Structures are given as structure tokens and as C-alpha cells.
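Structural overview
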Amino acid sequence: MKPLGGEDEPAPRRAVADSTIRVDVDLLDALMQLVGELVLTRNQIVQYVSRQADTDLVRAGQRLNLIASELQEGVMKTRMQPIDHIWSKLPRVVRDLGQQCGKSVRLAMEGNETELDKTLLEAVKDPLTHLVRNSVDHGIEKPDARRAAGKAAEGVLTLRARHESGQVVVEVVDDGAGIDPAKIGESAVRKGLVTADALSRMATSDILQLIFAPGFSTAAAVTNVSGRGVGMDVVKTNIEAIGGTIEIESEPGRGTCTRLRIPLTLAIVPALTIECAGDRYAIPQVSLQELVSLDAEKAATAVEEIGGARVYRLRGELLPLVQLTDVFGTSSERHDGHVVIAVLRSEGRRFGLVVDRVINTEEIVVKAVGAQLKAIGLYSGATVLGDGTVALILDVQALARRALRAETVERAEQRTAASAAAATATVGTERTRMLLAAIGGGRRVAIPLDTVTRLEQIKTATVERVGSREVVQYRGAILPIVRLDQHLGAASSYGYGDEPTKDTLEVIVYADRDRSVAIVVEEILDIVDDTEVQHSDIDDMGLLGSAVFGDKVTELLDVRAAILAADPGFYAFDTAAPAASDDLMAV
């Protein structure tokens, strides 16, 4: 018998069987559906209560909002499962495939406990398995090749999972040979997926996206593992079907990282509601990065046009703009000049969606749409807003692809038309758009925009030397570099020699036929029209004169001289090039 006043014995621990119960998945689905309807009703009540003056009613509405949110979170947790449920079967897949391919591969896992909705977990199982098999088959080299490259004979394949900004990020990383953009581009042209001319204008990141094109494969022969050209296309389709995105980063010789971004759940998601042409739409917040509002005065100067496409310079970076009314073929109801931009991210690229106005943010319940609306390719679902109106949910990935592709075609057509017009125009009457760039020492130069093929940023560490000339490996070729600060004798802040350097260099690439040259500047400043500006014939070595842009004297760069300084044989392939070039560069 325990003495009076003695200490209580510790409560016995519950067995696992006593702390868990089995619940039918259909019951959880029914609970989730009821919670979704509760969230819709909650949104309507909260919106109605917010317009009332009764303090007790407002307090009760706030309490209802809190309880409904906690209930929603609790029910959603019951559907969550750790990603280890599908990862646990991958070690055998890697081991068997490694033996079949004659490779030694070690699988490492990080973030096994990361939880994901059961429905999404099942949907991502097959794409993830294919990515793992792809890394072993295409990415990691055989032991002899790895030793020759100075690597360990055993390759390492790493799976990582983590929560980030309301999403689950899953990465498949290998330390293999990486992806060669030149090889990808060559295979895509050979299979007719892209033209050689279009390929020459594509950035490296865009070339890597060709991997997801239907029918694409770099395998030399069709096997039971690869070569059929259906794998990565199906992976992307399945990931986007659940509202996710897929990105690829690769460095030849170092390895490849494939990154999946998957929503936590498909049932209830936070969204931004916007208005366009009198109709309301919802944008999932996982794709939203920020909102930018420009008054009429600022919008008139801040929104520019490059090659027929509207862009906005956001903190030094050019942001392509997509007018939602243009996508829908409607006209805006806003005529005050005010511009509202929703900055969105899709497939690793940012763009700005111009809308009429922003309403608010709220949690929405995603409802499926009919086949007719789904076939349009712009909507991922529908929802009922707090005021009882129905809003379509925009498919950001499809919207970005369609709109940006349309702009690319439009720019190409306008570029062709502009080139034809320039060929017939005389030098005396020609006016062109100019790219302004700083070169150091307070000096800046103007470069005709039609001599700019693309703008790039390259890592300083990748710059190499051939004799006394600087070069960089670029898209499978050796690209000569000319630094304008050295060419024109300016004092630079980005440095060379023993001076401190920046991690990246701002580069203007000029390409003609199969040759390219990189012109390094300190900073890209602006794009302006060379019309009705004050010109002068005061020049110096490497210049064609000077002009006043933005109340500041700007030097007109002799682009031909700069190109020849980097590559003296650039125009050797065409004896007519000097005369044509003189017409092109003269201002």
C-alpha cells in the first residue's frame, strides 16, 4: 500500500495501437470537402460582417474566422504524409539501374520527414522515379570516365525536400557530366523541334527547357531505360497538372539539379483576386512575388518598349509585361493611365501581369472546371469568392508560355519588318533606338539597339585567356571579349588585372552568322530613341561622335571597331560587310 502523501506513479505510456486509429481515405476526402464548403461560407460571413457596425457581430465573425482556420489546418494535417513513403523505394531502383548501366551510384536523402498531401504524393511518385532513373542513366558517368575527369569512381545522387514559401521543393541532384547546351540544341534542330536561327537567339536556360519538348531525346539508341523521347515531356505535364513547376540547372562537368516546386495541397490555397475588364480572377499566391503600382506620370516613362514588347525596369532588371486584356482579347475599363503589375514567377522566369486593379487576398477552395474552359488553356480551376461571385483561377504556367511565346513571335516579325525598312532607308534620314551603358569613370556610351543580339551576365571566374585576348566558353563556342573600359581608356569600377572585380560581368553579345563577340560594360542604363537629340562630330579613338541623351553627353560607340578589337577576323567571311556595317553603325 502506497504511503499517504507519497509521490504519484507516472502515468503509463499509451501503446501505439491506443494512440492511432485507421480512418478510411474516403472519409478524409469527405471531411476535406466539408471544410472547403465551410471556408467558402466563412469568407462570405466575414466579408458581410466587416461592413457592419455591430461590435458584438464583428467579434463573433472574427472568432468564427479563427476557429474555421484552425479546423481547416487540422483536417489538412490528417492528409499529410512524409515524402519518405515514396523515397523508401528509390534505393533499390538506383542500385538495380546502376548495375544494369555498369555504374556505381550512392543515393543520399535529405528532408525525408517533409510532409505532402497524400493526393499530391501519389501524383509526384512516377515523375520523381523517372527523374532518378534519368540521372543515373544520362547524368552520372561510368567509373572510368569519372576517374579520367578527376572525380571519385562512385557517383552521388542526392534527393532533397523542404518547405519553402508555402510550397514543397524537391530537388534531384547528381554530380555527373551535366548537360551540354550545344548538344541539346543540335539534337533539337536535328529533330525539327526548333530552327537553327531561333536557337541562335535563345538563352542557355531556354535551351535547357527544350529537354521537356515532346519527342526530345539525346540517347543514341532506344533501350528500356531511355531513348523514346517521352519521359521528360510526361514528367513536366504531370507536375503542371497538380499546379507545380519544374526547373533544370546544369553545369557541364559538374552535375545537374532538377527542382520540383509542388503546392502543399490542391484543395484550399491562398490567392490574390484581381479584376480585368470588369471580371474577377484569382492568382495562386505561390506564383506571386510582389505587386507594383505605377501612377500615370511614372508609368508613362517607366514602361518601355523593346522590339515591340513592353518591359518595366524593376530594380535594374528588365521585366517583360503581359497585358491580361490582350490575352483575353478584351479592352481595359481603366483609362486613368494607372498601371498595376503583378510580378509572377513561372518555370524559373519572371514576368509582369498587367491588371486593372487588385481586390484582396483570401483563401479559396479550388473547384474543377468543365472541359470547354479547360481546353482554353488559361484556367486551372474556379472558386466562389466571399461576395458569392464566381472567379476563374488563372493558370500562371500556361499564361506565361502562351503570352511570352506570342510576344516572341511578334518581336521577330517586327524585327524583320524593321530590318527591311532599314535596308531601304538612307543614312541621312535614319534614326534608331540606342542602348545606353556606363563604362566607368563617369563615361557612358550609346550603342545602336539593332546591333545588340542579347544581353547576358557571365561569371568573372569563367573568363579565360588565349594569348593576350580574353575569351569565355559560351554555348559550345569560344567567345572573344572586348572590355570597353580598356578599349576606350575609361577608369572602370568593375576592374581587371590586379584591381578588384565583380563576381559577374554585364555583357552585350553581337552575333552575325556563326560568329559572336562579347562587349563588356559596367552597367546597362536605359534604352532611348535617337530622335531630335543634339549631335556632335566631336569624337575620339573608337567613337563615331557624341550626342546628348537625358541631359548628359554620351559617346557614340564605333561598334565595328570594338568588334574588330575583339576578333580581327570577324568580317572576313563577307567582303561586303565593311560597307554594310558602316551604314549600320553611322548615326
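Remember, it's a predicted structure, so these values are computed and weren't measured experimentally. (Residues numbered from 1 in each chain as written. Predicted model: local features only at pLDDT ≥ 70, side-chain atom pairs only at ≥ 80, totals over all residues. Heavy atoms only, no water.)

1. A short note on the pairing of strand S17 (residues 379–384)
Here five bridges tie S17 to strand S18 (residues 390–394), and the two strands are oriented antiparallel to one another. Bridge pairing in S18 links Thr-383 to Ala-391. (Pairing = 2+ DSSP bridges. Helix = DSSP H or I, 4+ residues; strand = E, 2+ residues; numbered from the N terminus.)

2. Focus on the sheet that holds strand S19 (residues 433–440)
Taken together, six strands build an open sheet; the order of strands is S27-S19-S20-S30-S29-S28 and the sheet is mixed. A single partner strand is all that each edge strand has here, and the edge strands are strand S27 (523–529) and strand S28 (535–536). Direction of pairing for S28 relative to strand S29 (residues 543–549): antiparallel, over a ladder of two bridges. Its bridge partner being in S29, Ser-536 is matched across the sheet by Ser-546.

3. Some points on a nonpolar patch on the surface
A cluster of nonpolar side chains, Ile-21, Val-23, Leu-27, Leu-31 and Leu-34, forms an exposed patch at the surface whose accessible area comes to about 500 Å². Here Leu-31 is to be found in helix H2 (residues 25–49). Look at Leu-31 and you get partly exposed, because its relative accessible area is 38%. (Patch = residues over 30% accessible without salt bridge, like charges linked within 9 Å, V, L, I, M, F, W, Y side chains within 5 Å. Areas by Shrake-Rupley, 256 points an atom, 1.4 Å probe, with all protein chains shown as cover. Salt bridge = Lys/Arg side-chain N within 4 Å of Asp/Glu carboxyl O. Buried < 20%, exposed > 50% of the residue type's maximum accessible area, 1.4 Å probe, protein only.)

4. What about the environment of Met-32?
Inspection of the secondary structure puts Met-32 in helix H2. Along the chain, Met-32 and Ala-267 lie 235 residues apart, while their C-alpha atoms are 7.8 Å from each other. Apart from residues lying up to four places away in sequence, Met-32 is in contact with Val-75, Met-76, Arg-79, Thr-265, Ala-267 and Ile-268. (Contact = heavy atoms within 4.5 Å.)

5. A look at the pairing of strand S30 (residues 552–557)
Look at any regular strand and the pattern is simple: side chains alternate between the two faces of the sheet. The sheet contact formed by strand S20 (residues 443–448) and S30 spans two bridges and is parallel. Each residue of the ladder has a partner; that of Ala-446, found in S30, is Leu-556. Two elements, S29 and S30, share six bridges in a ladder whose sense is antiparallel. The partner of Ser-546 across the bridge, within S30, is Glu-555. Hairpin geometry of S29 and S30 is characterised by an intervening segment of two residues between the two adjacent antiparallel strands and by a positive phi of about 60° at Gly-550.

Limitation: the analysis is restricted to geometry and does not speak to function.
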